[in-house]
Structures are given as C-alpha cells and as structure tokens.
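One letter stands for each residue in the lines below.
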Amino acid sequence: MGLHPTNNDTAFQSRSTEFIVPLSQVSYLCSNIGMRWQGQTLGETDASALPGLESLGGLVRSVTTPEFAGMTFHEVHAKSALNHVPSASAMPFDWTVNPYRGCSHACGYCFARNTHTYLDLDAGRDFDSQVVVKVNVADVLRRELARPGWVHEPVALGTNTDPYQRAEGRYRLMPGIISALAESGTPLSILTKGTLLRRDLPLLADAAASVPISIAMSIAVFDDALQDSIEPGTPTAAARLATVRAATDAGFRVTVFLMPILPHLTDSTAMLDHALARIREAGAARVVFGALHLRPGAKEWFWQWLEREHPELVPAYRGLYPGVSAYAPVGYRKLLSARVRPLLRKHRLAGGAEEDAETRPTRPGPVRTTGRPAEPARLF
Ligand code: SF4
C-alpha cells in the first residue's frame, strides 16, 4: 500500500480535489512495514471452527476451487471494518480497512507474515495460501461510516495486505468499499501491487469527483526472474507499469513505491536508472524509495530465500542486517539516496526517500476542495 509529510506536501491528491496528508513511509506498509492488527480481532475463540482455525470467529466456510489451485479462502463475517491505527504509531493516517488477511502475492520480505500466527496459521506458506476473506466488509463499513461520530478522516487501503491480491478477482470486495467511502464523503488511498486495480478505475474516477483519492503502485523489482523469485505471486513489473499508465490516463497522479530496494540485487545505479526511466515512461508523477527492512517475522523468511537463491550474498546481508537489526545502516541508506536523487531529477520525477518524512501529523490534514488539478507534489 499512499500518503506522506512536511507542511508543503501534497501527498494525498486526487484528480479534481486535493487535501494535505503527510507523506512518509506509510505508503508502502504492505510492502515492507509491519502494522498491528489493531481493532481487527475477528472474534473470540470459536469452538465450532475448523480444526486449527478456532480463533477465526465469524467463520462462514472455507473454500478451495480449481480456479485458485493451492489456495484456501476462509470466508468470515467480520465484526468491524474500520481499524484505528494506534496513536503511538508513526503511520500518518488514523484509519485503515483490510478486506483480506494473508496475501497470495507471497513476497519474501513481507512484514505482515507474522500476523497469520495470531490465527494459528504459519507465517510462511499459510500466509501465502490461506487467505481470510471478510465477505461482509463493505456492509459493515457502511454502517460504521454512517455513525454520527465519524468525521470523514482519510482511510488507507493496502496498508497491511494487498487489497487487489488474487482473491479480489473472486470476491470483488473493493468496489463496495470504494463506494461506501466515497458516498460517505471519506477520502481514501490505495496502495497495491495488483493489476486488478484496473477493473475499478472507472469506479475510482467517478468516486474522485466526490472525494480525494490517492493511488500508489508498489514496484520494487524490474528484473522478471528476480521478481518471480522474491515476489512469486505478483504481476510482473511490466504489468504493474501498464496499470500505472491506465490509472494516469484515468486522471490520477500515481505514486510508485520503489521499495524495498534490495542491497546488491537491485541497487546499482544502472538498475535504478532503468527502473526510474520505466516508471517515468508509465506516467507516474512521483516515486518514494527505500531500502529493504527486515523486521522480525519477515527476516526469517527472507533469510531462507536468500540462503536458497543467493547464498553468495549471505555474508553481505549479515553485515548490513546483523542480529535483530531491521534497518540497513545509515551509511547504506545515504549511499542509496545519493544514487537515487540525481536520477529522480534526471527523469523529472517528484518524490524522495521514505525516511525523509516519517512524522505522524497531529491530525489529518485539512480537506481542501479546490476544484483545480493537483499541483505537482512538493514532498521532499
Ligand atoms: S503484496 Fe502481499 S505479500 Fe507482498 S508485501 Fe504486500 S501484503 Fe505482503
């Protein structure tokens, strides 16, 4: 999953309206940042649930189908849709909606993996293939948005797992969510790796006449073989860039999250230049970049992948991410910035490093209905 800060930042912009919301690391949560499932408890322990899924209260049924070989969808009736982000969080938004738990995009660096263990499922293969589907999420959301106390703060989608993962092709939850938010006057942002976003562009374009909408596409790996290895369930970079083009043509200022940048694998100047040239060619307005984070829960799985696919890099990665270190050293991140910033200028792309703007706003930025086309972002 985009937003982000400084007083002049116009992070959350739509086709015809704009409002100011800090832009920071938040926007790539699904890619590489962990977030608690605050308020997302699906229910109490359910003695009648299928073995191993006792904590999935509200479970309606578990579904396997030949169209989605290897996948199991656990359909649940969720009690809540809006999740409040803890105020201590650095995330620059207060509310999220996550229609799915687990993600078939199966990224090896995904921080959300550990959340599956709360369901007595494992953070590896189960996270990729056992997806919890909140089949009633749009109805519940509509009820919550209709409460008198709801003040239409921006809602972020794609901050934990991808709302346009493969399951969305079957369940079509996003149209109901988008409509519910737009009809209630609630601004929204979407961060995804999923090309299924294209299906909903006409709906989003209509909704953008009513509320500010921000769209961001996460594209970290432009080498197809490497992408297939580390993000085996995702569409190719070319397919995602085509979706960026489609969203741009539909009138949106699209942000691309070039993250996580993988040390020694995707961080050479030539690779970054190639990536940014393609992003620019696709019509994106802005790029947010950042180095790989390896928080607990993601680190173990990434390590397994690295040892299997690139054992020659294990010593280098142990040097960059020793022990429980989750972040690449400051020196590495400065080096990365020194490489990327001139390339952003070269390709006339706005944006910057995710760590440039990590401050949580005191409150969501003011909604400014300007009726003017959005100005170029001045984010960093
Ligand atoms: S796309 Fe899915 S698997 Fe990949 S980082 Fe986001 S939530 Fe995790």
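Values in this document were obtained by computation on a predicted structure and should not be read as measured data.

Chemist: Quick one: what's the story with the sheet that holds strand 3 (residues 59–63), residue by residue and with numbers?
Modeler: Pairing between sheet strands relies on hydrogen bonds along the backbone, with the strands arranged either parallel or antiparallel. One open sheet holds the four strands; their spatial order is 3-4-8-7, and the pairing between them is mixed. Each edge of the open sheet carries a strand with a single partner, namely strand 3 and strand 7 (100–101). In terms of strand pairing, strand 4 (residues 72–76) meets strand 8 (residues 130–134) through five bridges, oriented parallel. Looking at strand 8, one finds that Glu-75 is bridged to Val-133.

Chemist: Run through unusual backbone geometry, naming residues and quoting values.
Modeler: Across the junction of Met-259 and Pro-260, the peptide omega takes the value 5°, indicating a cis bond. Although it is not a glycine, Arg-172 sits at a positive phi angle of roughly 50°. One non-glycine residue, Arg-348, lies in positive phi territory at about 55°. Here Arg-348 is to be found in the loop between helix 12 (330–346) and strand 14 (350–353). Note on Arg-348: 10 C-beta atoms within 10 Å, which makes it exposed.

Chemist: Lay out the pairing of strand 10 (residues 188–192) with the relevant residues and their values.
Modeler: Counting buried residues in strand 10 gives five out of five residues, a clear majority hidden from the surface. What you see with strand 10 is no split at all: Leu-188, Ile-190 and Thr-192 on one side and Ser-189 and Leu-191 on the other are buried throughout. Summarising the sheet, strand 10 and strand 11 (residues 213–218) pair through five bridges and their orientation is parallel. By the bridge assignment for strand 11, Ser-189 is matched with Ser-214. Assessed by its sense of winding, the connection that carries the chain from strand 10 through helix 6 (residues 201–207) to strand 11 is right-handed.

Thresholds applied
- Residues numbered from 1 in each chain as written.
- Predicted model: local features only at pLDDT ≥ 70, side-chain atom pairs only at ≥ 80, totals over all residues.
- Pairing = 2+ DSSP bridges.
- Helix = DSSP H or I, 4+ residues; strand = E, 2+ residues; numbered from the N terminus.
- Buried ≥ 20, exposed ≤ 12 C-beta atoms within 10 Å, placed from the backbone.
- Right-handed = clockwise from strand over helix to strand, strands pointing away.

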